[in-house]
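Listed here are the chains, written in short residue letters.
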Amino acid sequence: RKAPLYIDGSGLKKIFAEYKTTIQMLIKSGKKVTIILSNPTSPVYEPGSFVSSRLSAKVKFGEDPFILRRDYVAFVAPISDMLRRVAEETGAEIIDPVQYLCGKEKCYVTANGSPIYKDDNHLRSSYVREHLTFLDDLYVR
């Protein structure tokens, strides 16, 4: 894996200021802007992390692996809060996939026993097509 990219506070402020300016320009030109926040991500979502192999049994039948919603929300809060602020200040719409991919307390890794992620942070296209209808409105505008 690559080492994480770290941006100091002033660099992050500059990035978000430029982002806000771009969104303001798009809205001023008559475009509708929607900011989609991150979907839940975790190494737990990697299908190989919970699917049994010939050499190990990682999940017992009847278990559905998950991450706690509050932990994920707290983890992404610094960036999500900044994105929400940009949306509020510019009039952009926000979509938070956590509202659709998590229950009240848990964000699940599978649906009906099948993995919903193809790796630790990308949803399977088949799952998106069948279940994430909140994206449909973006294509019929």
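Note that the structure is a prediction, hence the values are computed from the model and not measured.

### With respect to the overall build of the protein
Turning to step 1, where the next piece is worked out: A tally of helices and strands in the protein yields five helices and six strands.
Turning to step 2, where the next piece is worked out: Secondary structure of the protein in N-to-C order comes out as α-β-β-α-β-α-β-β-β-α-α.
Turning to step 3, where the next piece is worked out: Scored against the burial criterion, the 141 residues of the protein give a buried share of 30%.
Turning to step 4, where the next piece is worked out: Counting only contacts in the protein whose residues sit at least 6 apart along the sequence, the fraction spanning at least 24 positions is 72%.
Turning to step 5, where the next piece is worked out: Carbon and sulfur atoms make up 54% of the accessible area of the protein, which totals about 10100 Å².

### Here's the deal with the nonpolar core
Turning to step 1, where the next piece is worked out: If you look at the biggest cluster of nonpolar residues, it comprises ten residues: Phe16, Ile23, Val33, Ile35, Leu37, Met82, Leu83, Val86, Ala87 and Ala92.
Turning to step 2, where the next piece is worked out: For this core, the element with the highest residue contribution is helix 2 (residues 69-90), accounting for four residues.
Turning to step 3, where the next piece is worked out: Beyond its immediate sequence surroundings of up to four residues, Leu83 is in contact with Phe16, Tyr19, Ile35, Leu37 and Ile94.
Turning to step 4, where the next piece is worked out: Judged by nonpolar contacts, the second largest core, of nine residues, contains Ile116, Tyr117, Leu123 and Phe134.

### Regarding the environment of Thr110
Turning to step 1, where the next piece is worked out: Take Thr110: it is sitting in strand 5 (residues 110-111).
Turning to step 2, where the next piece is worked out: For the pair Thr110 and Phe66, spaced 44 residues apart in sequence, the C-alpha to C-alpha distance is 8.3 Å.

### So, the pattern of salt bridges
Should their charged atoms come close, side chains of opposite charge can pair.
Turning to step 1, where the next piece is worked out: As enumerated under the stated definition, the model contains four salt bridges in all.
Turning to step 2, where the next piece is worked out: Of the charged contacts in the structure, one is a salt bridge between Glu89 and Lys20, with a shortest N-O distance of 2.7 Å. One end of the pair, Glu89, is in helix 2; the other, Lys20, is in helix 1 (residues 9-28), with 69 residues separating them in the sequence.
Turning to step 3, where the next piece is worked out: The class of Glu89 is partly exposed, set by a relative accessible area of 44%.
Turning to step 4, where the next piece is worked out: Between Arg70 and Asp71 there is a salt bridge; the shortest N-O distance is 3.9 Å.

The rules we used
- Numbers given to residues run from 1 along each chain, matching the order in which its sequence is written.
- Totals for whole chains, interfaces and linings use every residue, but because this is a predicted model, local features are given only for residues with pLDDT of at least 70 and side-chain atom pairs only at 80 or more, for both listing and counting.
- Just so you know, side-chain values use all the structure's heavy atoms and leave hydrogens and water out.
- By the criteria applied, helices consist of DSSP H or I runs no shorter than four residues and strands consist of E runs no shorter than two, each listed in order from the N terminus.
- Using a 1.4 Å probe on the protein chains alone, a residue whose accessible area is under 20% of its type maximum counts as buried, one over 50% counts as exposed, and one in between counts as partly exposed.
- Only heavy atoms matter for contacts: two residues are in contact if any of them lie within 4.5 Å across the pair.
- Using a 1.4 Å probe, accessible areas were evaluated by the Shrake-Rupley method; residue-level cover was limited to the displayed protein chains.
- We define a nonpolar core as any set of buried Ala, Val, Leu, Ile, Met, Phe, Trp, Tyr and Cys residues linked to one another through side-chain atoms lying within 4.5 Å.
- Any carboxyl oxygen of Asp or Glu within 4 Å of a side-chain nitrogen of Lys or Arg constitutes a salt bridge here.

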